[in-house]
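Structure at a glance
The chain contents come next:
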Amino acid sequence: MDLVEFLTGDKAAREWKKRYPDSPDETPPNDYYILNENPRERTLPIVWHLSVKVVNGGSTADLEVGVAGLKTRLRDTLFWLTVEHGQVVRVRQQFLP
């Protein structure tokens, strides 16, 4: 995994202005800013019954896809990982407009 900071609200606006001081916009597009300053990738074990849910197109309900479905969606997508006792127990995709 690649750990990032998902900033919203005032924190996103401050970071946006710091990085883009000449921008006419006071806030980042869609009011979020993803900060990824550390190139280090981390590896965490997963539980055998890992719950993986992804955004399901135009539906408001997430779709359960399991680990196999997760592998097809990893590139350029943001996920929230829930870690308990050093293992990933839940994965949820972050909707990004």
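Presented here is an overview of the structure given in this document. (Residues numbered from 1 in each chain as written. Predicted model: local features only at pLDDT ≥ 70, side-chain atom pairs only at ≥ 80, totals over all residues. Heavy atoms only, no water.)

1. Topic: the layout of surface pockets
Each pocket or cavity is described by its volume, and for the largest pocket that value is around 910 Å³. Together, 28 residues line the largest pocket, and Met1, Asp2, Leu74, Phe79 and Leu81 are the ones closest to its centre. Contributions of two or more residues to the lining of the largest pocket are made by β1 (5-8), β3 (46-54), α2 (66-71), β5 (79-84) and β6 (87-93). Residue composition of the lining of the largest pocket, grouped by class: 18 nonpolar, three polar and seven charged. (1 Å grid on protein atoms, 1.4 Å probe; cavity = no way out; pocket = protein on both sides within 12 Å on 5 of 7 lines; lining within 4 Å. Points joined across faces, edges and corners; volume = space filled by probe spheres on them. Helix = DSSP H or I, 4+ residues; strand = E, 2+ residues; numbered from the N terminus. Nonpolar A, V, L, I, M, F, W, Y, C, P; charged D, E, K, R; others polar.)

2. Some points on the packing of aromatic side chains
Enumeration according to the criterion identifies four aromatic pairs in this entry. Each ring, one from Phe6 and one from Tyr32, has its centre 5.4 Å from the other, and the planes form 20°; the classification is stacked. Within this pair, whereas Phe6 is found in strand β1, its partner Tyr32 is found in strand β2 (residues 32-35), the two being separated by 26 residues in sequence. Ring geometry for Trp16 against Tyr33: centres 6.3 Å apart, planes inclined by 75°, an arrangement best described as edge-to-face. Taken as a pair, Trp16 in helix α1 (residues 9-19) and Tyr33 in strand β2 lie far apart in primary sequence, 17 residues in all. Here the two residues Trp16 and Tyr33 agree in accessibility, since each one is buried. Pairwise contacts between aromatic rings join Phe6, Tyr32 and Trp80 into one cluster. (Phe/Tyr/Trp six-rings, centres within 6.5 Å; stacked < 30°, edge-to-face > 60°. Buried < 20%, exposed > 50% of the residue type's maximum accessible area, 1.4 Å probe, protein only.)

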